[in-house]
Amino acid sequence: MKKFVLYSLMLGTLATTVTACRNIEEDGQTIVQNGSGSGSTENLILSGKITSNLTLKANNIYKLRGLVYVTNGATLTIEPGTKIVGEADKNGALIITRGSKIMAEGTASNPIIFTSEKPSPKRGDWAGLVILGAAPTNASFNGQAGVGEIEGGINNTEGLGLYGGTNAADNSGVLKYVRVEYAGYAFLPDKEINGITFGGVGSGTTVDYVQVSYANDDSFEWFGGTVNCSHLIAYKGLDDDFDTDNGYSGKVQFGIAVRDSQVADVSGSNAFESDNDANGSSLTPKTSATFSNMTIIGPINSSSTSTNVGTINSLFQNALQIRRNSAISVFNSVFTGYPVGLFIDATKGTPTDNNIGNSSLAFQNNILAGTVTPLKFGASTSSPTAFTLADLTAWYTANGNSTLTYTADVKLTNAWAPAGTTPNFSPASGSPLLTGGVFTNTKLTSWFTAVTYRGAVKDGNDTWYAGWTNYNL
């Protein structure tokens, strides 16, 4: 049986009694350590609060016991190659609170891994990673505008679960070459901890080369904030791949999502789901994130000779559901294999189609492939406008978008590879993705890397999604 020792991060009595141990000091934190401490790998339990700077070492394995908070302005540094596991059936999570930082900078050859401790892991084995910052949001908490309460049962008796503020450039640290596997916890319906949850995270934060696999809810969800992210992978999650809410206005480029055709959430699963807020209000800042160069592989895999459309989980919905007055924009991307491609849903709150009319919502130079219903429009019942499905179709066509009949028409090399093998997302010869990247829209003139291709991968020599990643069951 594997032995773990307690890394005491709380003031007061230790949560667990450990025999045959000695106390040492590391970065100002007390470690209760089994054995002689001769340099061999140790298994250390993290619990409670981290209140001063702490470094997690690559030669140890760390276990999250319950909700672990980095607070009091502390910085948690994680060495490349470090492994952090969630204690089995304890809903462990790591929460970086406002004013604190995580410095998790792995390398392509030595990524940092957050995962399950179980020998046969499954989605939901632990709760997930939560990062909270002080960038703007349209949420409110106890009458305080611009501050939100993050979902998932995070402790707010001391404000530990609050996010948002006025500092758009807020810095919560670094996530680079990081994998988050088998996370996700449903505290209450629609109140979950995702694979990674960003709340009010600012543009001073670095998020690059991050994979979330087998999440038990959304893979990535942003509540407000301005953080820019690149090279993201959502692999076989349960609910949505990329979920944006409460005024998220950051930029995302080079992202991949792959779905399991048999696994979807009771709430209905989408690749993109976006709300201004739960009520579809006109509160500002408005959800207005910009995405470019995304490759989305949905549950349907079809060609002129075969399709699995009749066997996918019936809970799959849309490649993109843009609703509740959201004004996100998507460019130079490909979405394959969903029952519905682009759904502009204006049924609740301020009509979402108004954002098309005022050009704050853009959808340009994208491809929808192998979708049963490429375009769908849901008109507002409370504040109906003159906008119709015909208007949506004309707008879609006029903005350089195209629709392909089958997923195979995209000509990706091997995006539908079986679990346990690395997919190949590069466009094959003759693929429409090899060209068509356009960066003239003013939403793309800063931060983004202008490329001539569409989707997340340039060609067979572009393998940024391989090596540091894991596509196992």
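Here the residue index of a chain counts from 1 through its sequence in written order. The predicted origin of the model limits local features to residues at a pLDDT of at least 70 and limits the giving and counting of side-chain atom pairs to 80 or more, whereas totals for whole chains, interfaces and linings rest on all residues. Water and hydrogen atoms were dropped before computing side-chain values, which therefore reflect all heavy atoms in the structure.

Trainee: Would you explain the packing of aromatic side chains in this entry?
Mentor: To describe a pair of aromatic rings, one takes the distance between the centres and the angle between the planes. A pair of aromatic rings is counted whenever rings of Phe, Tyr or Trp (Trp by its six-membered ring) have centres within 6.5 Å, and the orientation is called stacked for planes under 30 degrees apart, edge-to-face for over 60 and tilted otherwise. Summed over all chains, the structure comprises 25 aromatic pairs. With a centroid separation of 6.2 Å and an interplanar angle of 15°, the aromatic rings of Phe114 and Trp126 are classed as stacked. In this pair, Phe114 is assigned in strand 11 (residues 112-116) and Trp126 in the loop between strand 11 and strand 12 (128-132), connecting sequence segments 12 residues apart. Note on Phe114: relative accessible area 0%, which makes it buried. Here the term buried applies to any residue with accessible area under 20% of the maximum for its type, exposed to any over 50%, and partly exposed to those in between, with areas from a 1.4 Å probe on protein chains only. A relative accessible area of 1% places Trp126 in the buried class. When the ring of Phe272 is compared with that of Phe335, the centres are 5.6 Å apart and the planes differ by 80°; the resulting orientation is edge-to-face. Residue Phe272 is found in strand 26 (residues 272-274), and its partner Phe335 is found in strand 30 (residues 334-336); the two are separated by 63 residues along the sequence. Accessibility classification places Phe272 together with Phe335 in one group, the buried group. Working definition: helices are DSSP H or I runs of at least four residues, strands are E runs of at least two. Numbering for both runs from the N terminus.

Trainee: Would you take a moment to explain the nonpolar core for this structure?
Mentor: Taken as a class, soluble globular proteins show a tendency for nonpolar side chains to be buried jointly. If you look at the biggest cluster of nonpolar residues, it comprises 73 residues, and the most contacted ones within it are Trp222 and Phe272. Considering every element that reaches this core, the biggest residue donor is strand 6 (residues 60-70), with four residues. Setting aside residues up to four positions removed in sequence, Phe272 forms contacts with Phe242, Phe291, Met294, Ile296, Ala319, Leu320, Gln321, Ile328, Val330 and Phe335. What we call a nonpolar core is a set of buried Ala, Val, Leu, Ile, Met, Phe, Trp, Tyr and Cys residues that are connected through their side-chain atoms within 4.5 Å. In this structure, Val410, Phe425, Leu433 and Phe448 belong to the second largest nonpolar core, which totals 31 residues. Contacts were defined at the residue level, with two residues in contact if any of their heavy atoms lie within 4.5 Å.

Trainee: Just checking my understanding: could you explain the side chain of Thr371 for this structure?
Mentor: Structurally, Thr371 can be placed in the loop between strand 33 (367-369) and strand 34 (373-378). The class of Thr371 is buried, set by a relative accessible area of 9%. Apart from residues lying up to four places away in sequence, Thr371 is in contact with Gly337, Tyr338, Pro339, Val340 and Gly341.

Keep in mind that these numbers describe shape and distance, not what the molecule does.
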